[in-house]
Amino acid sequence: MNAKLTRAEALYYECEEFWKPGMIIDGLNRQRIFETAQLIPKGVKTVADIGCGNGIFLEYLQSNYNFSLLGIDRSKQALKHVNSNKLQADITSLPIADRAFDCVTCLEVLEHIPCNEYEKALKELTRISGRFVIISVPYNEKIENNSTQCPQCQSVFNADFHFRSYNQDKIKELLRPFGFKCLLAKNIVPRKELVGYKLYQKIIRKFNKKEEPFRSPVCPVCSFENNQFTIPLRKNNGYSNRIDSKSIFKRTYKKVVQFIKPHWPTIQVPGYWSMALYVKE
């Protein structure tokens, strides 16, 4: 375990709410997992999943393929749910030999790595790969759209501890400095978004600011702990509605959205996630 972890990081990633069985097994993530597995090239025999979380990707591979698997995560709480071979370690300091695995996967992890640790993480992923690396990240994420504010120090930050956003150009060139070229990059799980959705979100946040709960288990600035933290239940198409019926504003808002949404024009967005397959040059 990396000794440089801050107290806030340790509290965040050891939060039991994140790792309960079924927390991220919704329709969208099932599709993401399926498409990620399809990227693993023929001939691969060993796979290491770095930042494996509660092991949902490993579980899928275990049920559908004949790979030798290893899951690595820095969270003890997450690893409690992993049923394959597993190891507690930090992505910036992996106790694994050079080129030990045919394929290394890192799914929905890199956006969480702080700036001062980012290059180390990429170097470690490529160091332990004998041939291939597969990475997936949120596509073109607007970090500020998922912000929350600490009630103690008033700091505003991304509720999911995301530090960066990725587009296709960025992900294609991601591992080139480490001797890997991109064989394939694609966006997955296309979605529709309301026209003017960004403005709509800003207006809602402005009117709803006082009533919006603190949506993180801990503040990364002052380490304030949120004892009321819970994760909304998921439906097949993502998170369920977060509206609290106790608020008059929220009840009205919910009714207005239910009426307008079916009639509002939409645009096609390339996908929730961007993923890529890299090969050692």
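Residues numbered from 1 in each chain as written. Predicted model: local features only at pLDDT ≥ 70, side-chain atom pairs only at ≥ 80, totals over all residues. Heavy atoms only, no water.

What exactly am I supposed to notice about the nonpolar core here?
Taken as a class, soluble globular proteins show a tendency for nonpolar side chains to be buried jointly. One finds I50, I91, L110, I135, L174 and Y278 to be the most contacted residues of the largest nonpolar core, which totals 30 residues. For this core, the elements supplying multiple residues, two or more each, are β1 (46–50), β2 (68–73), β4 (101–107), α5 (115–127), β5 (129–138), β8 (180–188) and β13 (273–280). No other element matches α5, which puts 4 residues into this core. Counting 26 residues, the second-largest nonpolar core is a separate cluster that includes A37, I40, C52 and L107. (Core = buried A, V, L, I, M, F, W, Y, C linked by side-chain atoms within 4.5 Å. Buried < 20%, exposed > 50% of the residue type's maximum accessible area, 1.4 Å probe, protein only. Helix = DSSP H or I, 4+ residues; strand = E, 2+ residues; numbered from the N terminus.)

Would you mind going over the pattern of salt bridges with me for this structure?
One pass over the full model with this rule turns up 7 salt bridges. The shortest N-O distance in the salt bridge between E108 and R32 comes to 4.0 Å. With a gap of 76 residues between them, E108 in the loop between β4 and α5 and R32 in helix α2 (residues 27–38) connect regions that are remote in the sequence. As far as burial versus exposure is concerned, E108 and R32 are alike and both buried. The closest approach of N and O atoms between K120 and E117, which form a salt bridge, is 3.8 Å. Of this pair, K120 and E117 are both found in helix α5, 3 residues apart, which corresponds to roughly one turn of the helix. (Salt bridge = Lys/Arg side-chain N within 4 Å of Asp/Glu carboxyl O.)

Looking at this structure, how should I read the pairing of β5?
A regular strand places its side chains so that they alternate between the two faces of the sheet. With 9 of its 10 residues buried, β5 lies for the most part within the structure. In the classification by handedness, the crossover that spans β4, the intervening α5 and the parallel β5 is right-handed. Where β5 meets β13, 7 bridges bridge the pair, whose relative direction is antiparallel. Paired with P138 across the bridge in β13 is W273. (Right-handed = clockwise from strand over helix to strand, strands pointing away. Pairing = 2+ DSSP bridges.)

Just to check I follow, could you spell out the packing of α2 against helix α3 (residues 56–64) for this structure?
The packing of two helices is summarised by the inter-axis angle and the distance between the axes. Here α2 crosses α3 at 60°, and the two axes come no closer than 10 Å. It follows that α2 is oblique to α3 by the angle criterion. Along this stretch, α2 crosses α3, giving a crossing that reads as right-handed. Residues R32, I33, F34, T36 and A37 of α2 lie in contact with α3, whose contacting residues are I56, F57, Y60 and L61. Looking at the contact of α2 with α3 residue by residue, the class counts come to 7 nonpolar, 1 polar and 1 charged. (Axes fitted to C-alpha atoms, helices over the stretch in contact; angles between N-to-C directions. Parallel < 35°, antiparallel > 145°, perpendicular 65-115°, else oblique. Left-handed = near helix turned anticlockwise from the far one by under 90°. Contact = heavy atoms within 4.5 Å. Nonpolar A, V, L, I, M, F, W, Y, C, P; charged D, E, K, R; others polar.)

What is the right way to read the sheet that holds strand β3 (residues 86–88) from this model?
Each strand in a sheet pairs with another by means of backbone hydrogen bonds, the pair being arranged parallel or else antiparallel. Strands sit in the order β3-β2-β1-β4-β5-β13-β8 across an open sheet of 7 strands; the sheet is mixed. Since the sheet does not close on itself, it has two edges, and those belong to β3 and β8, each with one partner. Strand-to-strand twist in this sheet, taken as the mean axis angle between neighbours without regard to direction, amounts to 15°. Where β1 and β2 come together, 5 bridges link them in parallel fashion. Following the sheet pairing, T46 is matched in β2 by S68. Its contacts with the sheet place α2 against β4, β5, β8 and β13, and it is angled at close to 15° to β13. Lying on the sheet, α3 is in contact with β1, β2 and β4; it crosses β2 at an angle near 175°.

Could you clarify how one ought to interpret the packing of aromatic side chains in this entry?
How two aromatic rings sit relative to each other is given by the distance of their centres and the angle of their planes. Under the counting rule described, the total for this entry stands at 8 aromatic pairs. A centroid spacing of 5.2 Å and a plane angle of 10° characterise the contact between Y65 and F67, whose relative ring orientation is stacked. With a centroid separation of 6.0 Å and an interplanar angle of 85°, the aromatic rings of F157 and F214 are classed as edge-to-face. With a gap of 57 residues between them, F157 in strand β7 (residues 156–158) and F214 in the loop between α7 (197–208) and β10 (234–235) connect regions that are remote in the sequence. Joined through ring pairs, the aromatic side chains of Y12, Y13, F157, F161, F214 and F224 make up one cluster. R32 extends its terminal NZ or CZ atom over the ring of W273, reaching a point 5.3 Å from the ring centre. Seen from the ring of Y118, R164 lies directly overhead, with NZ or CZ sitting 3.9 Å from the centre. (Phe/Tyr/Trp six-rings, centres within 6.5 Å; stacked < 30°, edge-to-face > 60°. Lys NZ or Arg CZ within 6 Å of the ring centre and 35° of its normal.)

Geometry only, nothing functional implied.
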